[in-house]
Amino acid sequence: MASQPGSAEARACQDCNHECSLSCSGPGELKQMAETFKAKDLIITRATILKEKPDPNNLVFGTVFTDHMLIVEWSLKFGWEKPQIKPLENLSLHPGSSALHYAVELFEGMKAYRGVDEKIRLFRPDLNMDRMLRSATRITLPGFDKKELLKCIQELVKLDKEWVPYSTSASLYVRPTLIGTEPSLGVKKPTKALLFVILSPVGPYFSSGSFNPVSLWANPNNYGASIFAQNEALHHGCQQVLWLYGEDHQITEVGTMNLFLYWINEDGEDELATPPLDGIILPGVTRQSILDLAHKWDELKVTERYLTMNDLIVALKENRVKEMFGCGTACVVCPVSDVLYKGENIHIPTMENGPKLATRILNQLNDIQYGREESDWTILVS
Ligand SMILES: Cc1ncc(COP(=O)(O)O)c(C=O)c1O
């Protein structure tokens, strides 16, 4: 009997030879596949030896991990197993696992912050859960209940709460991951998967604590592997890649960040613009939060629109560009000072203009994240 992941289809228990975790009581009995795991079923095994916590001022992004991890196994046959929190350890994967060969995998990135009131908050984690489930569907990995995963993550962060830096310029990065573990070669929907979540304390994105602008290497080629292009950007003396799309060289994203342009548009209006979510642009949580904030301020035109390199060059000549910045969970906002395009350096006067808007956005988002401003965008972990 064929059954699809996430379906409510019943299965005959002979399928599993009574070795399943679904409490079969005899041949022929029909049992329901586990469509999701539940936080109430969490099995928690605490680490007996706890690692020393690092100095929040000397953290290199993503290099230090906490004491525990969350792990949930899935198979087409049995559905989701019970979620487990256990000491962080290496994974044991079959070398034929689909994640290793066909990149059947996805990840999310979000942060937990220790507020000025000592409370620990997650910033808009519901948006990460929404995006994670969309990614799972898109890459044919199993679905799950987003609220249950979030509750499990809250439990994990609570257990490792001493790892959330005592600092308002550092945080705990949360990395939920889902990978195909089907041990067979063949490009197909996997029948086995593994969901895990690991935690890593991260320091301030800007080591000086202030804005350091980046220069971009404008790249019109769509490389399969973005790290290749990132290396080329470094080779050209730039820090990040500005990804261009199409014959008209549309400006899309910066490295692994969404992009905003604050300018006076062709109609003479003060405008904050970012490319629309047309399938190419990653629907960033920070991007959405900046759009939401700016709409709420109701002080300038806020637009999701196409922007080309030509639009930028013409606007620079006419002195209409105020600020350009990338945005993402890691840095919140990242000012752009230069773009290397067709062998010529184009200066963007972001820093000369403050950057007033980028600073205002960074401050307001930080105020919410560190509990200085009340907001329903955060949920408490403890
Ligand atoms: C390609 C890309 N764009 C944008 C972002 C920013 O998304 P978020 O604001 O959700 O961190 C990311 C984050 O990893 C990314 O990989």
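That block above? That's the structure.
Think of each chain on its own: its residues are numbered from 1, step by step along the sequence as written. Given that this is a predicted model, residues contribute local features only at a pLDDT of at least 70 and side-chain atom pairs are listed and counted only at 80 or more, while totals for whole chains, interfaces and linings are drawn from all residues. The side-chain quantities take in all heavy atoms of the structure and omit both hydrogens and water.

**Topic: empty space enclosed by the protein**
So, point 1. The way it works is a 1 Å grid over only the protein atoms, where trapped points that fit a 1.4 Å probe form a cavity and open points with protein on both sides within 12 Å along at least five of seven lines form a pocket, and then any residue with an atom within 4 Å of a point lines it. Grid points are joined across faces, edges and corners, and a volume is the space filled by probe spheres set on the points. Applying the stated rule across the entire model yields three cavities of 30 Å³ or more.
So, point 2. Put simply, the largest cavity is a space of about 100 Å³.
So, point 3. Around the largest cavity, the lining comprises 13 residues; the ones closest to its centre are Tyr-113, Phe-123, Thr-286, Thr-329 and Gln-369.
So, point 4. Every element with two or more residues in the lining of the largest cavity is listed here: strand S8 (110–114), helix H5 (285–297) and helix H7 (356–369).
So, point 5. Secondary structure counts use DSSP, requiring at least four H or I residues in a row for a helix and at least two E residues in a row for a strand, with both numbered from the N terminus. Looking at which element gives the most residues to the lining of the largest cavity, the answer is S8, with three residues.
So, point 6. Tallied by class, the residues present in the lining of the largest cavity amount to six nonpolar, six polar and one charged.
So, point 7. Taken domain by domain, the lining of the largest cavity gets at least three of its residues from each of domain 2 (35–202) and domain 3 (214–374). In this classification, Asp, Glu, Lys and Arg are treated as charged, Ala, Val, Leu, Ile, Met, Phe, Trp, Tyr, Cys and Pro as nonpolar, and every other residue, Gly included, as polar. Throughout the structure description, domain borders are defined by an automatic or database domain assignment.

**A short note on the environment of Met-324**
So, point 1. Among the secondary structure elements, Met-324 is positioned in strand S18 (residues 321–328).
So, point 2. Relative accessibility decides the category of a residue: with a 1.4 Å probe and only protein chains considered, values under 20% of the type maximum give buried, values over 50% give exposed, and everything between is partly exposed. Residue class for Met-324 comes out buried when judged on its relative accessible area of 0%.
So, point 3. C-alpha of Met-324 to C-alpha of Val-336: the two residues are twelve residues apart in sequence and 5.5 Å apart in space.

**So, the site of the ligand**
So, point 1. Here a residue is near a molecule or strand as soon as one of its heavy atoms is found within 4 Å of it. Taken together, Arg-131, Glu-253, Thr-256, Met-257, Asn-258, Leu-282, Gly-284, Val-285, Thr-286, Cys-327, Gly-328 and Thr-329 make up the full set of residues adjacent to the ligand.
So, point 2. Pairs of N or O atoms within 3.5 Å make up the polar contacts considered here, provided that, within protein, one atom can donate a hydrogen while the other can accept it, and that residues adjacent in sequence are counted only when both atoms are side-chain atoms. At a separation of 2.4 Å, a nitrogen atom of the ligand approaches a polar side-chain atom of Glu-253.
So, point 3. When the ligand sits alone it has 390 Å² of accessible area, and the protein chains cover 80% of it.
So, point 4. Those elements that place two or more of their residues in the shell around the ligand are strand S15 (257–264), H5 and S18.
So, point 5. Residue composition of the shell around the ligand, grouped by class: four nonpolar, six polar and two charged. Residue-level accessible areas treat just the shown protein chains as cover; the underlying method is Shrake-Rupley with a 1.4 Å probe.

**Looking at the packing of H5 against H7**
So, point 1. Fitted lines through C-alpha atoms serve as axes, helices being fitted only where they are in contact, and the angles separating the N-to-C directions of these axes extend from 0 to 180 degrees. In the contact formed by H5 and H7, the axes pass within 11 Å of each other and the chain directions differ by 105°. The angle between the axes of H5 and H7 places the two elements in the roughly perpendicular class. When H5 is examined against H7, the residues Thr-286, Ser-289, Ile-290, Leu-293 and Trp-297 are found in contact with a partner set consisting of Leu-357, Arg-360, Ile-361, Gln-364 and Leu-365.
So, point 2. Across the contact of H5 with H7, the residue classes break down as six nonpolar, three polar and one charged. Here the word oblique covers every angle except those under 35 degrees (roughly parallel), over 145 (roughly antiparallel) and from 65 to 115 (roughly perpendicular). Whether two residues touch is decided by their heavy atoms; if any such pair falls within 4.5 Å, the residues are in contact.

**Remarks on the packing of helix H2 (residues 125–138) against helix H3 (residues 146–159)**
So, point 1. Look at H2 against H3: their axes get within 10 Å of each other, and the N-to-C directions meet at 125°. Considering the angle they form, H2 stands oblique to H3. Considering only the axes of H2 and H3, their crossing is right-handed. The residues of H3 that touch H2, namely those facing Pro-125, Met-129, Asp-130, Met-132 and Leu-133, are Lys-146, Leu-149, Leu-150 and Ile-153.
So, point 2. Residue composition of the contact of H2 with H3, by class: seven nonpolar, no polar and two charged. The crossing is said to be left-handed when, going from far helix to near helix, the turn is anticlockwise and less than a right angle, and right-handed when the turn is clockwise.

**Quick look at helix H6 (residues 309–317)**
An α-helical segment advances 3.6 residues per turn. Residues three or four places apart therefore align on the same side.
So, point 1. Residues Met-309, Leu-312 and Ala-315 constitute the buried set of H6. Mapping the buried residues of H6 onto a view down its axis gives an arc of 130°, with all of them on the same face.
So, point 2. On its buried face, H6 sits against strand S13 (240–245), strand S14 (250–254), S15, S18, strand S19 (332–341) and strand S20 (344–347).
So, point 3. Downstream of H6 by one or two residues, Asn-319 has phi in the positive range, about 60°. Regarding the arc, it is the one traced by the directions from the helix axis to the C-beta atoms.

**Some remarks on the packing of aromatic side chains**
So, point 1. Paired rings are identified among Phe, Tyr and Trp, the last through its six-membered ring, by centres lying within 6.5 Å, and are further divided according to the angle between planes into stacked (under 30 degrees), edge-to-face (over 60) and tilted (the rest). The full count for this structure, using the stated rule, is six aromatic pairs.
So, point 2. For the pair Phe-260 and Phe-325, a centre-to-centre distance of 5.7 Å together with 20° between the ring planes defines the contact as stacked. Placement of Phe-260 in strand S15 and of Phe-325 in strand S18 is noted, with a sequence separation of 65 residues between them. Accessibility classification places Phe-260 together with Phe-325 in one group, the buried group.
So, point 3. These aromatic residues form a ring-pair network of at least three members: Phe-37, Trp-80 and Phe-144.
So, point 4. Positioned above the aromatic ring of Tyr-166, the side-chain terminus of Arg-114 is 3.7 Å from the ring centre.
So, point 5. Two thresholds decide whether a charge sits over a ring: the Lys NZ or Arg CZ must be within 6 Å of the ring centre and within 35 degrees of the ring normal. A cation sits over an aromatic face here: Arg-124 above Trp-377, 3.9 Å from the ring centre.

**A closer look at the nonpolar core**
So, point 1. The biggest cluster of nonpolar side chains holds 38 residues, and the ones touching the most others in it are Trp-80, Phe-144, Leu-149, Val-157, Leu-178 and Leu-195.
So, point 2. At the level of secondary structure, the elements contributing two or more residues to this core comprise strand S4 (68–75), S8, strand S9 (120–123), H2, H3, strand S10 (171–180) and strand S11 (192–202).
So, point 3. Among the elements that take part in this core, H3 stands out by supplying seven residues, more than any other.
So, point 4. For Leu-149, the contacting residues outside a window of four places in its chain are Phe-37, Leu-70, Met-129, Met-132, Phe-144 and Leu-195.
So, point 5. What is meant by a nonpolar core is a set of buried Ala, Val, Leu, Ile, Met, Phe, Trp, Tyr and Cys residues, joined one to another through side-chain atoms within 4.5 Å. Grouped together as the second largest cluster of nonpolar side chains are 26 residues, Val-333, Leu-357, Ile-361 and Tyr-370 included.

**Thoughts on the pattern of salt bridges**
So, point 1. Any Lys or Arg side-chain nitrogen found within 4 Å of a carboxyl oxygen on Asp or Glu counts as a salt bridge. Under the definition given, this model contains 18 salt bridges.
So, point 2. With a shortest N-O distance of 2.8 Å, Glu-266 and Arg-305 are connected by a salt bridge. Taken together, the residues Glu-266 in the loop between S15 and strand S16 (270–274) and Arg-305 in the loop between strand S17 (301–304) and H6 connect sequence positions 39 residues apart.
So, point 3. Overall, Glu-266 belongs to the partly exposed group, its relative accessible area being 45%.
So, point 4. Bridged by salt links that share partners, the residues Glu-266, Glu-271 and Arg-305 form one connected network.

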